[in-house]
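Coordinate analysis (summary)
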Amino acid sequence: MKKIIFTLVACVFCVAGYAQKTLPEFKVGTILTCNAYVQGQEFPLLLSVKSISGPVSIGWAVEGYGEGTFEMTTKALESATKLAGVTQPALGATKLSDDETFAIISKVAYKMLIDKKAFTYSGLNFKVKSPASAMKIGGKEVDATHVVSEDGKIELWVLNNAAFPFILQSAGLPTDIVVVEVK
C-alpha cells in the first residue's frame, strides 16, 4: 500500500512540474534567436543582452545587413513611456532617450500591468487579453502576459519578470519580433 501511495504522490509531483511555465533568465550574455517581420518580410534576428544595469544595452545582428546596439538609460528601464519606433536600425550604437525602450517595457509600466491588468505605452492603452494566447519558446510555455491595445491592432507578450520585462513577441508594430530560442 505504501508503494502505491508513494507512486501516486510521485506522479502528482511529476505532472505539476511538467505543467509549470518556464521563465527564461535574462542576464549579461543571454542570446535570443528571433524572427523579425518588417512590411511582411521575415528576417532572422539575433538579440543579445550586453548590459542589464545603466545603461541597459541590447545588441542586435541581422545577417547580410549588420549589427548594433540599443542603449537605454537606467531611467528608461525604470519609467519610460514608449517603445522606440524601429523599422531599420542604424548600424552601431543607438542611444535612446529617457522615455523610450527597445524590446522591453519599463518597470513602472510592468507594475501597472500586474496591479491593474492594464498600462499605457507609446500613447496606447494596453490591457490583459482574455482569453490569452500562450507564448511558447522551444516547445515550452513561457510565463508571459498577453496584452492587447484598446483598438485591438497591437499585441504584446511580456515576460513576467519585474526586473527585466522583455517583450517576447509582438504583433501589429512596424517591426514585429518573435523570440524562438533563449540561450
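Residues numbered from 1 in each chain as written. Predicted model: local features only at pLDDT ≥ 70, side-chain atom pairs only at ≥ 80, totals over all residues. Heavy atoms only, no water.

**What about the side chain of S51?**
Checked against the element boundaries, S51 lands in strand 2 (residues 41-51). Separated by 2.9 Å, the side chain of S51 and the backbone oxygen of P55 make a polar contact. If sequence neighbours within four positions are ignored, S51 has contacts with V28, V56 and S57. (Helix = DSSP H or I, 4+ residues; strand = E, 2+ residues; numbered from the N terminus. Polar contact = N/O pair within 3.5 Å; in protein donor to acceptor, adjacent residues only side chain to side chain. Contact = heavy atoms within 4.5 Å.)

**A word on the pattern of salt bridges**
Inspection of every chain in the model, using the stated rule, returns seven salt bridges. With a closest N to O distance of 3.6 Å, K21 and E141 form a salt bridge. Here K21, found in the loop between helix 1 (2-19) and strand 1 (31-38), pairs with E141, found in strand 11 (residues 140-141); they are 120 residues apart in sequence, far enough to count as distant. A residue is classified by how much of its surface remains accessible, and E141, at 30% relative accessible area, is partly exposed. Here K129 makes a salt bridge to E155, at a shortest N to O gap of 3.4 Å. (Salt bridge = Lys/Arg side-chain N within 4 Å of Asp/Glu carboxyl O. Buried < 20%, exposed > 50% of the residue type's maximum accessible area, 1.4 Å probe, protein only.)

**Structural notes on the packing of aromatic side chains**
Within this structure, the stated rule accounts for seven aromatic pairs. Note on W60 and Y65: the rings are 5.8 Å apart at their centroids and 25° apart in plane angle, and the pair reads as stacked. Measuring from centroid to centroid gives 6.1 Å for F119 and Y121, while their planes differ by 70°, and the two rings are edge-to-face. Each of the two residues, F119 as well as Y121, counts as buried. Grouping aromatic residues by their ring pairs yields a cluster made of F26, F164 and F166. (Phe/Tyr/Trp six-rings, centres within 6.5 Å; stacked < 30°, edge-to-face > 60°.)

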